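Chain by chain, the residues run as shown.
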Amino acid sequence: MEIQIGHEDSLKFVQSILNALSSHIAILDHEGKIIAVNNAWIEFGKQNGFDKISYGLGTNYLQVCQEATGDNSEEAKEIESGILAVMRQSIDKATVEYPCHGPTEKRWFSVKISRFEMNRKVWVVVAHENITEKKLVEQQVQIRDHAMQSIAEGITITNPHLPDNPIVYANPGFEQITRYSPDEVIGKNCRFLQGAQTESASLESIRNAIEKQQACLVELQNYRKDGKMFWNRLSITPVRDENGLVTHFVGVQSDVTQQKQYEQQLQNSQAELREMNANKDKLFSIISHDLKSPFHSIMGFAEIFSNDLQDYSYEDLQEFGNHVYSAAKNLYGLLENLLQWSQIQTGKMEYNPVILDASEIVSSVVGLLQGNALQKNIDLVSDLQGDGSIKVDLVMLQLIFQNLISNSLKFTKPGGRVKVSSLNKKNFVELLVSDNGIGISSEQLSSLFTVGEQVSTLGTAQEKGTGLGLILCKELIEKNGGQIEVESEPGKGTQFRICFPLAEPIHDI
Ligand SMILES: Cc1cc2nc3c(=O)[nH]c(=O)nc-3n(C[C@H](O)[C@H](O)[C@H](O)COP(=O)(O)O)c2cc1C
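Residues numbered from 1 in each chain as written. Predicted model: local features only at pLDDT ≥ 70, side-chain atom pairs only at ≥ 80, totals over all residues. Heavy atoms only, no water.

So, the overall build of the protein: which residues are in play, and what are the values?
Within the protein one finds 14 helices and 17 strands. Residue burial in the protein is summarised as follows: out of 509 residues, 39% are buried. When contacts within the protein are restricted to residue pairs at least 6 apart in sequence, long-range pairs at least 24 apart make up 56% of them. With the model as given, the accessible surface of the protein reaches about 30,200 Å², and the carbon-plus-sulfur share is 52%. (Helix = DSSP H or I, 4+ residues; strand = E, 2+ residues; numbered from the N terminus. Buried < 20%, exposed > 50% of the residue type's maximum accessible area, 1.4 Å probe, protein only. Contact = heavy atoms within 4.5 Å. Areas by Shrake-Rupley, 256 points an atom, 1.4 Å probe, with all protein chains shown as cover.)

Set out below in structure tokens:
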């Protein structure tokens, strides 16, 4: 553009242009002397008291810079060298940014130094510009960037305008969680973190949110670079420009694996507690019901003994006495089982495993129960092989077989048969308690060893029991490393199969 005006007019014209600019501008001659300034320069000088130290026309600006003291002396030196370098044509332009804080506000300026040539002379333009706003934004960005760099959460930014919505930024937190470095992931879609166990419902929620350009929060299983699974609590948020258009998505990844494990443990122990509580309630209701009957019997006969003794013959009284005895014995048996069971539950039962011959111990229990079998006219036989050395607690083993054999006697009719046998297998001893009694229905069989499901059944001679004996057996057998199984057919009989590992397995030669 060329403007045709006279010499005087052209000076005015140039001055007007300079005055119209917001930067504070001074033109220096080849020695650094200020030969022209604009209004912004003068105003700035006034506002900051610089005019008093000759900041205007005729001042040598290089000298002002050299003599600067205080906070800005370093930047003043930099400006001086910039001006000299531009003046001597070793560089075309120079820019120096410097703080120039006022008493009440923080300000930053940038000085741009350039040159032009006229009449074969070099002239330097010094233009100061207030860049406070830009600096404050930069500072904010720096703070945010620092926060993104230092937080433990992963942060990923994706660009949905590029094919497959790839990652364009990933912070160190993302690397910490996933072990993938930003370089490895930039340009890729985040789905590389997914694997076999990743929940498809969570992925559906993500797809839906991205499609509708909404925020979402999901928890899903992801995989680190080393293949190890981690629980990712992922929040995805769209970023919109001033027109509300989505430019990017920001994902925040948190590793909540440990939290998930604690939650799972808590849920498990809560469920366990609930079950234990329910079992305890059911057990107490069974026990209180079953303990009541023998008490009623004892109390009824005791009343007769204390009030109406004279009304009964000696034989009647003897029969009543027998009833009282069997009720008391029954009651004692129930209490004993209950006590032992509660000792196991509270971990107070002594446990001293020793190596012993299973057949020998079981045989002695059979001997002890012969009286009971005889009383009910049941044939109690045994076929026990020796040398089955197992490592168990002696008292517990006795309790197990006392309970199992008593149970078979209870559910076998007079004239029936209960057989206890043992067989030494390669690595374990198998002990069988079988009877040809009334058997157990398949419905009862499935809940035979479960406390909460127990329903007490009367024996063939109306013997009472809580069913606690079998539960006790199972717990004792398992405590000693064994296993119990039961087979039964109603009307035909029942067989309990108990296995204990041999203390010294037989090796093939
Ligand atoms: C910002 C952002 C971050 C994401 N971060 C994860 C992530 O950490 N783990 C993950 O399994 N998926 C993440 N995704 C989801 C996948 O990139 C992808 O959207 C998802 O697998 C569903 O799309 P697809 O059916 O195309 O795979 C993220 C998505 C976005 C937009």
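Give me the lowdown on the sheet that holds strand E17 (residues 493-501), citing residues and values where you can.
Within the open sheet, the five strands sit side by side as E12-E14-E15-E17-E16. Their pairing is mixed. The outermost strands of the open sheet, each flanked by one partner alone, are strand E12 (379-383) and strand E16 (483-489). The average angle at which neighbouring strand axes cross in this sheet is 10°, direction not considered. With five bridges joining them, E12 and strand E14 (residues 417-424) adopt parallel strand pairing. Directly across from Leu-380, in E14, lies its bridge partner Val-418. (Pairing = 2+ DSSP bridges. Axes fitted to C-alpha atoms, helices over the stretch in contact; angles between N-to-C directions.)

Explain the side chain of Ser-421 to me, using residue names and the numbers behind them.
Here Ser-421 is to be found in strand E14. Look at Ser-421 and you get buried, because its relative accessible area is 11%.

Talk me through the pattern of salt bridges; I want residue IDs and the actual numbers.
Two side chains that carry opposite charge are able to pair once their charged atoms sit near each other. Under the criterion given, the structure shown has 18 salt bridges. Note that Lys-112 is salt-bridged to Glu-129, the shortest N-O span being 3.5 Å. Here Glu-129 lies in strand E5 (residues 121-130) and Lys-112 lies in strand E4 (residues 108-118), a separation of 17 residues in the sequence. Overall, the relative accessible area of 33% leaves Glu-129 in the partly exposed class. Here Glu-219 makes a salt bridge to Arg-233, at a shortest N to O gap of 2.5 Å. Separated by 14 residues along the polypeptide, Glu-219 in strand E8 (residues 216-223) and Arg-233 in strand E9 (residues 229-240) bring together distant segments of the chain. Residue Glu-219 is classed as partly exposed on the basis of its relative accessible area, which comes to 26%. What makes Arg-233 partly exposed here is its relative accessible area of 26%. Residues participating in the shared-partner salt-bridge network are Glu-97, Lys-134, Lys-135 and Glu-138. (Salt bridge = Lys/Arg side-chain N within 4 Å of Asp/Glu carboxyl O.)

Got a sec to walk through the site of the ligand? Specific residues and values, please.
Taken together, 21 residues lie around the ligand, and Asn-189, Arg-191, Gln-194, Arg-207 and Asn-222 are the ones closest in. Interatomic distance of 2.7 Å between a side-chain N/O atom of Asn-189 and an oxygen atom of the ligand. A distance of 3.0 Å is found between an oxygen atom of the ligand and a side-chain nitrogen or oxygen belonging to Gln-253. For the ligand, the protein covers 90% of the area, taking 620 Å² as the surface of the free molecule. Those elements giving two or more residues to the shell around the ligand turn out to be strand E6 (154-158), helix H8 (200-211), E8, E9 and strand E10 (246-255). Across the shell around the ligand, the residue classes break down as 10 nonpolar, nine polar and two charged. (Near = heavy atom within 4 Å. Polar contact = N/O pair within 3.5 Å; in protein donor to acceptor, adjacent residues only side chain to side chain. Nonpolar A, V, L, I, M, F, W, Y, C, P; charged D, E, K, R; others polar.)

Give me the environment of Val-256: which residues, what numbers.
Along the chain, Val-256 turns up in the loop between E10 and helix H9 (257-307). Looking at Val-256, the relative accessible area reads 5%, which means it is buried. For the pair Val-256 and Gln-221, spaced 35 residues apart in the sequence, the C-alpha separation amounts to 10.0 Å. Once residues lying within four places of it in the same chain are set aside, the contact partners of Val-256 are Glu-219, Trp-231, Asn-232 and Arg-233.

Got a sec to walk through the pairing of E17? Specific residues and values, please.
Note: strand E15 (residues 428-435) against E17, eight bridges, orientation antiparallel. When the sheet's bridge partners are listed, Phe-428 is paired in E17 with Pro-501. As paired strands, E16 and E17 are joined by seven bridges and run antiparallel to one another. Paired with Gln-483 across the two strands is Cys-499, which belongs to E17.

So, the packing of aromatic side chains: which residues are in play, and what are the values?
Tallying each qualifying case throughout the model produces six aromatic pairs. Summarising the aromatic geometry, the rings of Phe-301 and Phe-320 are spaced 5.0 Å apart at their centres and angled 35° between planes, so their arrangement reads as tilted. Of this pair, Phe-301 sits in helix H9 while Phe-320 sits in helix H10 (residues 314-345), placing them 19 residues apart in sequence. This pair shows no difference in class: Phe-301 is buried, exactly as Phe-320 is. Each residue in the set Phe-44, Tyr-98 and Phe-109 is aromatic and connected to the rest through ring pairs, giving one cluster. (Phe/Tyr/Trp six-rings, centres within 6.5 Å; stacked < 30°, edge-to-face > 60°.)

In short, the description is geometric, and any link to function would need to be established separately.
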